[in-house]
Amino acid sequence: MAFKVPAGWPVLLLAALLAPTSCGARSSLSLPQPCEQTGEQRACENACGHGEQRCEGGYWHDCEVSRVTRTCSDACGSGIEACTVGIWQGCEVPVAERACTNVCGNGTQKCEHGAWETACTIPPIETPCISACGNGVERCVNGQFFPCNAPPPKPPKLRTTVRDFRDTHPDFEIPLKGLDTSNGDKGMLEAMLGPDDKPVYASRTRTPTTSGKANFDTWYRDVPGINTPLPVSLQLLNSAAQKGLFVYSNRAFFPIDGQGFGNQGRDHNFHFTLEVATEFVYVGGETFSFMGDDDLWVFINRRLALDLGGLHQSLAGTIDLDRDAKKLGITMGQKFALHLFFAERHTTESNFTVETSISDVLSCD
């Protein structure tokens, strides 16, 4: 049987109609309906609503329905859905934005096509920063923080002067009977270094563990016959537990065994003082911690920052430079002096542990 193709109908429709089908199969396409009078109109409807059909070329054409819309919503908010050619076209919601934060700060997230972005969009942020060895920037990009890229310092090497004493000095190997060695002998020194950058004895007469100003003044000054000065270097190492922290730890701290006046019949030389004088650039966030025995004082900007003076068991103390900046008179980006004074005055132990993020000026390439 011959089939006459109506004028204007797509060739694709004809191909679909003439395609072979299996036994019992039915085409999913409906055949055009014939009509008699060209230009005739009739009511019709589709998924979009009610409309009109026109008769042209002997067949009724598609139902024409005025464009209609309805409200809709998705994860991005409310929008409009339109219906054309008998099909609802999907919800169209304007691009939405909301505030968000990540480690870089405050930004925005966009919502498109029914889904919120997983990332928080924040423009790259660069903040000037410094290390003890120079200037750099801290960057934050795509929610990832990159630390200051200023040149890092090397672990510092403390260049010290160790002065050896005989055990007959009035302030060394004193009797411990009746002494409270649990908390030391604090308040022994003035709060400021003297004009020669040496500690100033505060008491007018003596303290429980010292015999007076005259004898104390020999601790950190070269006095022939009373002490013997010896140069000793203490190399700090990078902490395995915390980046940027430098450590020197010695639970048997006897740096001048067999030197100076010798061990005086003991396994170790127990009677000496140690002095450090250096400079550092305060960059912010630095700390200094000490644990040991016996006396230990730290002066920053020539002001007393840590007092662990006296004959005592192993004691610990920490300086937080940010917390104590006002008291110490320090400001970030400036160079300041650091003085450390230590004394080992009695048998039978000597402990010396320093943990610090302070880098002296000699730690830079």
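Here goes a summary of the coordinates provided. (Residues numbered from 1 in each chain as written. Predicted model: local features only at pLDDT ≥ 70, side-chain atom pairs only at ≥ 80, totals over all residues. Heavy atoms only, no water.)

Some remarks on the packing of aromatic side chains
Then step 1. Summed over all chains, the structure comprises 20 aromatic pairs.
Then step 2. When the centroid spacing of 5.0 Å and the interplanar angle of 85 degrees are considered together, the rings of F342 and F352 count as edge-to-face. Within this pair, whereas F342 is found in strand β22 (residues 335–344), its partner F352 is found in strand β23 (residues 351–356), the two being separated by ten residues in sequence.
Then step 3. An aromatic cluster of three or more residues is present, and its members are F165, F172, Y201, F216, W219, Y220, W297, F299 and F341.
Then step 4. Positioned above the aromatic ring of W88 is the side chain of R70, whose terminal nitrogen or guanidinium carbon lies 3.8 Å from the ring centre.
Then step 5. When the ring centre of W116 is taken as origin, the NZ or CZ atom of R98, which lies over that ring, is 4.0 Å away. (Phe/Tyr/Trp six-rings, centres within 6.5 Å; stacked < 30°, edge-to-face > 60°. Helix = DSSP H or I, 4+ residues; strand = E, 2+ residues; numbered from the N terminus. Lys NZ or Arg CZ within 6 Å of the ring centre and 35° of its normal.)

Examining the state of the cysteines
By definition, a disulfide is the covalent link that joins the sulfur atoms of two cysteine residues.
Then step 1. Across all of its chains, the model carries nine disulfides by this definition.
Then step 2. Here C44 connects covalently by a disulfide to C63, the sulfurs 2.0 Å from one another. Given an S-S torsion of about 90 degrees, the disulfide between C44 and C63 has right-handed geometry. Pair noted here: C44 is in strand β1 (residues 41–46) and C63 is in the loop between β3 (59–60) and β4 (68–74), with a separation of 19 residues, a long-range link. (Disulfide = S-S within 2.5 Å.)

Here we look at unusual backbone geometry
Then step 1. With omega at 5 degrees, the peptide bond leading from D293 into D294 counts as cis.
Then step 2. In this model, T347 is joined to T348 through a cis peptide bond whose omega is 20 degrees.
Then step 3. Within the element layout of this structure, T348 appears in the loop between β22 and β23.
Then step 4. The backbone phi angle of E173 is positive, close to 55 degrees, even though this residue is not glycine.
Then step 5. Structurally, E173 can be placed in the loop between β13 (157–165) and α2 (213–216).
Then step 6. Residues other than glycine seldom take positive phi values, yet D197 does so here, at roughly 60 degrees.

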